[in-house]
Amino acid sequence: GAGVSQSPSNKVTEKGKDVELRCDPISGHTALYWYRQSLGQGLEFLIYFQGNSAPDKSGLPSDRFSAERTGGSVSTLTIQRTQQEDSAVYLCASSLVTRAGGPNEQFFGPGTRLTVL
Amino acid sequence: GDSVTQMEGPVTLSEEAFLTINCTYTATGYPSLFWYVQYPGEGLQLLLKATKADDKGSNKGFEATYRKETTSFHLEKGSVQVSDSAVYFCALSDYGGSQGNLIFGKGTKLSVKP
């Protein structure tokens, strides 16, 4: 079946502009994760959704970052007033419901490469 | 907090050489451990996993054993191929009442020469 898809695959924007990144998880996966992959920081966890709820937003690097998920499916990561240090590859992953004693494999999308000029 | 440390790369080997990529972790609970691989131009893929102490994960000739006493999960392969050239990430997830996000090491780039 279809895997995790993300759009756009590449985004170039000017400093100070807002951007929206989209993630379509695998159908039936209730858990959704956003990560950021950058040269200096490696792979960092940003936010987790269980259904439409995000119980922990502490991984978001600043209040310019926000994310939502609607209908327990598609998720959007929004970065306001982008800065050059936001340049990175943003990865989305989904899995079946997370439970204590897991693990459920996380399936990753191809990522969105964001470049802030 | 929880963390993963893996050996710095890049690692360059000749085909059929033995591979070891070291990975150690720090965790307050009882995490599950993973190796993910990212081939050139592709997304992250799960390579293997282990959920409890002494478990051995294996896939595509790669193996890693969950060693609680040394808090390690080293990746090994007896004979690497050119097609194994990729970036390898060690990761953990502590599912004990938490959200199950992955905590990754920095990644190790492997290049295998013919």
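Note that this is a predicted model, so its numbers are computed, not measured. (Residues numbered from 1 in each chain as written. Chains lettered and ligands numbered in written order. Predicted model: local features only at pLDDT ≥ 70, side-chain atom pairs only at ≥ 80, totals over all residues. Heavy atoms only, no water.)

K.L.:
Quick rundown of the sheet that holds strand E3 (residues 19-21) of chain B? Include the residues and the values.
P.N.:
Residues and elements named next belong to chain B. The sheet built from four strands is open, its strands ordered E3-E9-E8-E7 with antiparallel pairing. Among the strands making up the open sheet, the edge pair consists of E3 and strand E7 (56-59). On average, adjacent strands in this sheet sit at an angle of 15° to one another, irrespective of strand direction. Bridging between strand E8 (residues 62-65) and strand E9 (residues 75-77) involves three bridges; their strand directions are antiparallel. In the sheet register, Glu63 faces E9, and the bridge partner there is Glu76. (Pairing = 2+ DSSP bridges. Helix = DSSP H or I, 4+ residues; strand = E, 2+ residues; numbered from the N terminus. Axes fitted to C-alpha atoms, helices over the stretch in contact; angles between N-to-C directions.)

K.L.:
Pulling in residues and values, what's your account of the side chain of A:Gln6?
P.N.:
Residues and elements named next belong to chain A. Tracing the chain through its elements places Gln6 in strand E1 (residues 5-7). Polar side-chain contacts of Gln6 include one of 3.0 Å to the backbone nitrogen of Cys92. In this structure the side chain of Gln6 is engaged in a polar contact, spanning 2.9 Å, whose partner is the backbone nitrogen of Gly111. Setting aside anything within four residues of it in sequence, one finds Gln6 in contact with Arg22, Cys23, Trp34, Tyr90, Leu91, Cys92, Gly109, Pro110, Gly111 and Thr112. (Polar contact = N/O pair within 3.5 Å; in protein donor to acceptor, adjacent residues only side chain to side chain. Contact = heavy atoms within 4.5 Å.)

K.L.:
I'd like a description of the state of the cysteines, backed by residues and values.
P.N.:
Here a disulfide denotes one covalent bond, and it connects the sulfur atoms of two cysteines. All names here are of chain A. Under the criterion given, the structure shown has two disulfides over all chains. The partner cysteine of Cys23 in its disulfide is Cys92, sulfur to sulfur 1.8 Å. With the S-S bond torsion at -65°, the cross-link from Cys23 to Cys92 turns out left-handed. Taken together, the residues Cys23 in strand E3 (residues 19-24) and Cys92 in strand E8 (residues 88-95) connect sequence positions 69 residues apart. Residue classification places Cys92 among the buried residues on the basis of a relative accessible area of 0%. (Disulfide = S-S within 2.5 Å. Buried < 20%, exposed > 50% of the residue type's maximum accessible area, 1.4 Å probe, protein only.)

K.L.:
Hey, could you go over the sheet that holds strand E6 (residues 65-69) of chain A for me, with residue numbers and the actual values?
P.N.:
Residues and elements named next belong to chain A. Ordered by their spatial adjacency, four strands build an open sheet running E1-E3-E7-E6, and the pairing between neighbours is antiparallel. One side of each edge strand has no neighbouring strand; the edge strands of this open sheet are E1 and E6. Each strand axis lies, on average, 15° off the axis of its neighbour in the sheet, ignoring direction. As judged from the five bridges shared by E3 and strand E7 (residues 75-79), these two strands associate in the antiparallel manner. Bridge pairing in E7 links Glu20 to Thr78.

K.L.:
Please give an account of the pattern of salt bridges that cites residues and values.
P.N.:
Taken as a whole, this structure holds six salt bridges over all chains when the rule is applied. Here A:Arg64 makes a salt bridge to A:Asp86, at a shortest N to O gap of 2.8 Å. Taken as a pair, A:Arg64 in the loop between strand E5 (42-50) and E6 and A:Asp86 in the loop between E7 and E8 lie far apart in primary sequence, 22 residues in all. A relative accessible area of 12% places A:Arg64 in the buried class. Between B:Asp55 and B:Lys52 there is a salt bridge, with the nearest N and O atoms lying 3.3 Å from each other. (Salt bridge = Lys/Arg side-chain N within 4 Å of Asp/Glu carboxyl O.)

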